[in-house]
Amino acid sequence: MFVPCGESVPDLTGFTLLMPAVSVGNVGQLAIDLIISTLNMSKIGYFYTDCLVPMVGNNPYATGEENSTELSINAEVYSLPSRRLVALQLRSIFIKYKTKPFCEKLLSWVKGSNCARVIVLSSSHSYQRNDLQLRSTPFRYLLTPSMQINVQNKMKSLNWEEMEKSPCIPEINDSEFCVRIPGGGITKALYDESCSKEIQMAVLLKFVSEGDNIPDALGLVEYLNEWLQIIKPHDPTVPSLRWKMPSSWRLLFGSGLPPALF
């Protein structure tokens, strides 16, 4: 599944894998873009898979003409060895019925690569929140049992709120309770598969609506940064933007209106 850029497969033992879910507002993908761009992570390979819709495009993190013509595809892997971080970026949607096979192959690669843990950045429909969620922070987290052992106390010290369980069938009052992430794409499937395979995984998500989701992505990476300290903690007195937006975001909403229209 993983194809390295070089001749040898990079050693990812003990690395933390950051990845998005293709979810509402594409918030997780935008957040991973910010992390890769800000940390100037190097591409080390890609996933050769039939589970995602094929796509190809220019280098989304181009810094000048010399690297603007490099090609990018639907699933690429970047790393920063000095921080023991590896990031998977997904750029297209899943083909029908291919979600579960992708989750299984991905987690097999995680185990085979000896990654220490996986952190999934995701989102969920804000309009499906319950009364308690409406009155509290829009951020939530989920931990697999093997991850809880190591970081549960840290989460409590940060005063983070765990994703609540809700009726499995919302329309039925006496339905069993379970974790539901409406609009979360593969988030729940990845979480369940990680629980069964005893993989250390954390899911960080935000309740959002479709639209301009750049502020949501910035909020999600700040939420992650509270825990991992990827960059220097935010100083409220410094107004400058600390996260570097990639060059590809200039066309996030398409090109400008042609002057000929006016």
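Values in this document were obtained by computation on a predicted structure and should not be read as measured data. (Residues numbered from 1 in each chain as written. Predicted model: local features only at pLDDT ≥ 70, side-chain atom pairs only at ≥ 80, totals over all residues. Heavy atoms only, no water.)

**Some thoughts on the overall build of the protein**
For the record, the criterion: A run of H or I in DSSP becomes a helix once it reaches four residues, and a run of E becomes a strand once it reaches two; helices and strands are each numbered from the N terminus. Only the C-alpha atoms count toward the radius of gyration. The rule for a globule is 2.2 Å times the residue count to the power 0.38. Accessibility here uses a 1.4 Å probe with only protein chains present; expressed as a share of the type maximum, an area under 20% marks a residue as buried, one over 50% as exposed, and anything in between as partly exposed. Whether two residues are in contact is decided by their heavy atoms: any pair within 4.5 Å suffices. Surface accessibility in these figures is a Shrake-Rupley result with a 1.4 Å probe; residues are shielded only by whichever protein chains are displayed. For the purpose of charge, His is not counted, nor are the chain termini; Lys and Arg are scored as positive and Asp and Glu as negative. All charge positions are set by atom: Lys at NZ, Arg at CZ, Asp at CG, Glu at CD.
Per the secondary structure count, the protein includes six helices and twelve strands. Taking 18 Å as the expected radius of gyration for a compact globule of 262 residues, we find that the protein reaches 19 Å, a close match to that expectation. C-alpha atoms of the protein, sized along the principal axes, occupy 60 × 55 × 45 Å. A burial count over the protein gives 47% of its 262 residues as buried. Within the protein, contacts between residues at least 6 apart in sequence are counted, and of these 73% link residues at least 24 apart. Accessible surface computed for the protein: about 13500 Å², of which carbon and sulfur atoms make up 54%. On the protein, the mean spot of the 24 positive side-chain charges and the mean spot of the 25 negative ones are 3 Å from each other.

**Quick word on the side chain of asparagine 74**
The residue asparagine 74 is located in the loop between strand E5 (71-73) and strand E6 (75-80) in this model. Leaving out residues up to four positions away in the same chain, asparagine 74 has contacts with Phe47, Leu52, Val53, Pro54, Met55, Gln89, Leu90, Arg91 and Ser92.

**Quick word on the packing of helix H2 (residues 99-112) against helix H5 (residues 187-196)**
This is how the line gets drawn: All axes here are fitted lines through C-alpha atoms, helices being fitted over the stretch that makes contact, and every angle between N-to-C directions spans 0 to 180 degrees. Here is the rule for angles: anything less than 35 degrees is roughly parallel, anything more than 145 is roughly antiparallel, 65 through 115 is roughly perpendicular, and the remaining ranges are oblique. Note on convention: the crossing is left-handed when the near helix lies turned anticlockwise from the far helix by less than a right angle, right-handed when the turn is clockwise. Note on residue categories: nonpolar means Ala, Val, Leu, Ile, Met, Phe, Trp, Tyr, Cys or Pro, charged means Asp, Glu, Lys or Arg, and polar means any other residue, Gly included.
Axis separation between H2 and H5 bottoms out at 10 Å; the angle between their running directions is 45 degrees. In terms of their interaxial angle, H2 and H5 are classed as oblique. Crossing of H2 over H5 shows right-handed handedness. Across the interface between the two elements, Thr99, Lys100, Cys103, Glu104, Leu106 and Leu107 of H2 pack against Ala189, Leu190, Glu193 and Ser194 of H5. Taken together, the residues that form the contact of H2 with H5 break down as five nonpolar, two polar and three charged.

**Let's talk about the sheet that holds strand E2 (residues 16-20)**
Applicable threshold: What makes two strands pair is DSSP finding at least two bridges between them.
What the eight strands build is an open sheet, ordered E1-E3-E6-E7-E2-E8-E12-E9; its pairing is mixed. Two strands close off the open sheet at either side, each with one partner strand: strand E1 (2-4) and strand E9 (139-143). Sheet twist, expressed as the average angle between the axes of neighbouring strands with direction ignored, equals 25 degrees. Pairing of E2 with strand E8 (residues 117-125), which is carried by five bridges, proceeds in the parallel orientation.

**Some details on the state of the cysteines**
Put simply, the rule is: Two cysteine sulfur atoms form a disulfide, by the criterion used here, when they sit within 2.5 Å.
Per the stated rule, a full pass over the model turns up zero disulfides. Left unpaired, cysteine 51 is separated from the closest cysteine sulfur, that of cysteine 103, by 8.9 Å. Cysteine 195 carries a free sulfur, and the closest cysteine sulfur to it, the one in cysteine 103, is 12 Å from it. Assessed through its relative accessible area of 26%, cysteine 195 is described here as partly exposed.

**Overview of H5**
Going by this rule: When we speak of the arc, we mean the arc of directions from the helix axis to the C-beta atoms.
Along H5, the residues classified as buried are Thr187, Leu190, Tyr191, Glu193 and Ser194. In an axial view of H5, the angular spread of the buried residues amounts to 165 degrees, which keeps them on one side of the axis. Positive phi shows up at glutamate 198, right after H5, with a value of about 55 degrees.

**As for the environment of threonine 69**
Its location among the elements puts threonine 69 in the loop between strand E4 (56-58) and E5. Threonine 69 gets classed as exposed once you look at its relative accessible area, which sits at 61%. Sequence separation between threonine 69 and cysteine 178 is 109 residues; the distance between their C-alpha atoms is 46 Å.

**Considering the pairing of strand E7 (residues 85-90)**
For E7, the tally of buried residues reaches six of six residues, placing the bulk of the element in the interior. Across the two faces of E7 the burial is the same, with Leu85, Ala87 and Gln89 and Val86, Leu88 and Leu90 all buried. The pairing of E2 with E7 spans three bridges and is classified as parallel. Bridged to leucine 18 within E7 is alanine 87. Sheet topology note: the E6/E7 ladder contains six bridges and is antiparallel. If you follow tyrosine 78 over to E7, its bridge partner there is alanine 87. Linking E6 to E7, which pair antiparallel, is a turn of four residues; within it arginine 84 sits at a positive phi near 55 degrees.

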